[in-house]
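# Examination of the molecular architecture
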Amino acid sequence: MKWYPYGHDFGNAEIGGVTVINGKINSLSLPTAFSKVDTTAMRNLGIKLDQPNVHIIQFYEEENAYALGDLALQQSIDVYHGRGDIQRYSGKYSLRSLLTIAATLIPDTEFGIYVVTGLPAETYIKNSALRSSIKAALDGTYIFTLNGSQTMRRVTVEVATVVMEGAGALIAYGDKSNSQTTESAVIDIGGRTTDLYVARGQVPVTEYCKGKPLGVERATQMVMDAFENKYDRPLSLFEAREIMHAFASQGESNYPEVSSYGTAISKFELERLVKESVSQVGSEIASFVAAAWRQSDRDAVAASFKPVLNIGGGVFYFYNFLKQRIPHLSRPEDPVHANPLGYCNLAGRLLMRKTQASPSSSAV
């Protein structure tokens, strides 16, 4: 059985996974959304289960199958996302997402994954027991099917370590000099939270590691509230996400068709609603970062940090607001997978050590 390094990021809004196959990095992210589905009924309704945006997992001897990501949003009004529940990191939904993405990326019928995952800064600092709970919840060998297939997949999971979110991005994109005097920093803006991480020589500086419930979902909810107040009907979560993604891609033609009582809502009006919400939340995030990392009365923010990375899906909405306060702020090429990419790099190094200590196992 082959073993693969794997970085797992169970975010509030997006679930990310990164692995390496034959020296090539493979990644996938899905919206954090789960719903029970009936695969037989879906087939009878003409829904094809072999499409790229279809992700369904069913454990062996379990009666229920679960859809993840876009399919869950399309098929259910009330999806599970676990926001506000800190134990979700050590729950069955985290395991479902881990196995679904890993088995989508890795074609082997049977394989093992050596996993590194992360926790938000404040959770990591204040709840050390959760790290052990994550390992206990994810470790094991699992048999399941994907997307209604008859082919059983068998995956063994071993959690190598749990690190603080932000550490992954610095592993992947940080200063390689390992300076013991310079602090490296990460601003991770996700769906629900903005997490700040600072390390000196790979050791976290807890004074600067903070978090606040501000993110893309706050802006999304503001858009949904404003739309309902103005047009007297609620946006579905799927519609709201599509609108937000269109704004992030800066493509007018990407906005979904949205109507209220038969009247189409213009793309310009949808963009206006998003712009107003993003501006308010972006200002709040910039203020939070400035207060946490202010280093002088001259409004020097993160002036001594190098680099200062902005990662997460919030980069596409809030980067410019932060850039005004932190001129040397930078964003990696793939901000969404920055953390799981670093996790995967660390998992690869740890797997190499394990393989050298136990030559009977094989790794890719």
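Under an unreviewed UniProt entry, the name given to the protein chain is Actin-like protein N-terminal domain-containing protein, and the organism recorded is Ktedonospora formicarum.

This brings us to the side chain of Ser-35. In this fold, Ser-35 is placed in strand E4 (residues 34–37). When residues no more than four places from it in sequence are discounted, the contact partners of Ser-35 are Ala-65, Tyr-66, Ala-67, Ala-72 and Ser-76.

With that settled, consider the nonpolar core. Soluble globular proteins: nonpolar side chains tend toward being buried together. Counting 57 residues, the largest nonpolar core has Leu-99, Ile-113, Phe-144 and Val-157 as the members making the most contacts within it. A total of seven residues in this core trace back to one element, the largest contributor, which is helix H3 (residues 92–105). Leave out the neighbours within four places in its chain, and Ile-113 touches Trp-3, Tyr-4, Tyr-6, Leu-98, Ala-102, Ile-106, Val-155, Thr-156, Val-157 and Glu-158. If you look at the next biggest cluster of nonpolar residues, it comprises 47 residues, including Leu-214, Val-216, Tyr-231 and Val-315.

This next bit is on the UniProt feature "domain: Actin-like protein N-terminal" (unreviewed entry) in the protein chain. Here the UniProt feature "domain: Actin-like protein N-terminal" (unreviewed entry) sits at residues 7–168. Measuring from the first to the last C-alpha atom of residues 7–168 gives 9 Å, for a span that is 27% helix and 38% strand.

This part takes up the packing of helix H9 (residues 267–293) against helix H10 (residues 315–325). Remark: H9 packs on H10, axes separated minimally by 9 Å, with the N-to-C direction vectors making an angle of 40°. It follows from the interaxial angle that H9 and H10 lie oblique. Handedness of the H9/H10 crossing: right-handed. For the pair formed by H9 and H10, the contact residues are Val-278, Ser-279, Val-281, Gly-282, Ser-283, Ile-285, Ala-286, Val-289 and Ala-290 on the first element and Tyr-317, Phe-318, Phe-321, Leu-322 and Arg-325 on the second. Of the residues belonging to the contact of H9 with H10, the class tally is 10 nonpolar, three polar and one charged.

With that out of the way, let us pick up the pattern of salt bridges. A full pass over the atoms with the stated rule returns 12 salt bridges. Two residues, Arg-200 and Glu-183, come together in a salt bridge whose shortest N-O distance is 2.7 Å. Of this pair, Arg-200 sits in strand E11 (residues 194–200) while Glu-183 sits in strand E10 (residues 183–189), and the two are 17 residues apart along the sequence. Within this structure, Lys-230, Glu-269, Arg-272 and Glu-276 form a network of salt bridges that share partners.

What follows deals with the pairing of E10. Where burial is concerned, most of E10 is hidden: seven out of the seven residues are buried. Residues Glu-183, Ala-185, Ile-187 and Ile-189 line one face of E10 and the alternating positions Ser-184, Val-186 and Asp-188 line the opposite face, and both faces are buried. Note: E10 against E11, seven bridges, orientation antiparallel. Within the sheet, the bridge partner assigned to Ser-184 lies in E11 and is Ala-199. As consecutive antiparallel partners, E10 and E11 are separated by four residues. Here five bridges tie E10 to strand E16 (residues 305–311), and the two strands are oriented parallel to one another. Bridge pairing links Val-186 to Leu-309 in E16.

Let's shift gears to helix H8 (residues 237–249). End to end, H8 covers 18 Å across 13 residues, agreeing with the expected 18 Å (1.5 Å per residue, within 8%). Every buried residue belonging to H8 is among Glu-239, Ala-240, Arg-241, Ile-243, Met-244, Ala-246, Phe-247 and Ala-248, and all of these are buried. In this structure, the buried residues of H8 make contact with strand E2 (14–21), strand E3 (24–31), helix H2 (70–75), helix H7 (216–231), H9 and H10. Gln-250 occupies a position one or two residues after H8 and carries a positive phi of about 55°.

Here eight bridges tie E2 to E3, and the two strands are oriented antiparallel to one another. Bridging across to E3, Ile-21 finds its partner in Lys-24. Taking the residues between adjacent antiparallel strands as the criterion, E2 and E3 are bridged by two residues, where Asn-22 takes a positive phi near 55°.

Thresholds, definitions, all that
- Residues numbered from 1 in each chain as written.
- Predicted model: local features only at pLDDT ≥ 70, side-chain atom pairs only at ≥ 80, totals over all residues.
- Heavy atoms only, no water.
- Helix = DSSP H or I, 4+ residues; strand = E, 2+ residues; numbered from the N terminus.
- Contact = heavy atoms within 4.5 Å.
- Core = buried A, V, L, I, M, F, W, Y, C linked by side-chain atoms within 4.5 Å.
- Buried < 20%, exposed > 50% of the residue type's maximum accessible area, 1.4 Å probe, protein only.
- UniProt positions renumbered as here; feature names shortened; annotations may be inferred.
- Axes fitted to C-alpha atoms, helices over the stretch in contact; angles between N-to-C directions.
- Parallel < 35°, antiparallel > 145°, perpendicular 65-115°, else oblique.
- Left-handed = near helix turned anticlockwise from the far one by under 90°.
- Nonpolar A, V, L, I, M, F, W, Y, C, P; charged D, E, K, R; others polar.
- Salt bridge = Lys/Arg side-chain N within 4 Å of Asp/Glu carboxyl O.
- Pairing = 2+ DSSP bridges.
- Expected span 1.5 Å × (residues − 1).

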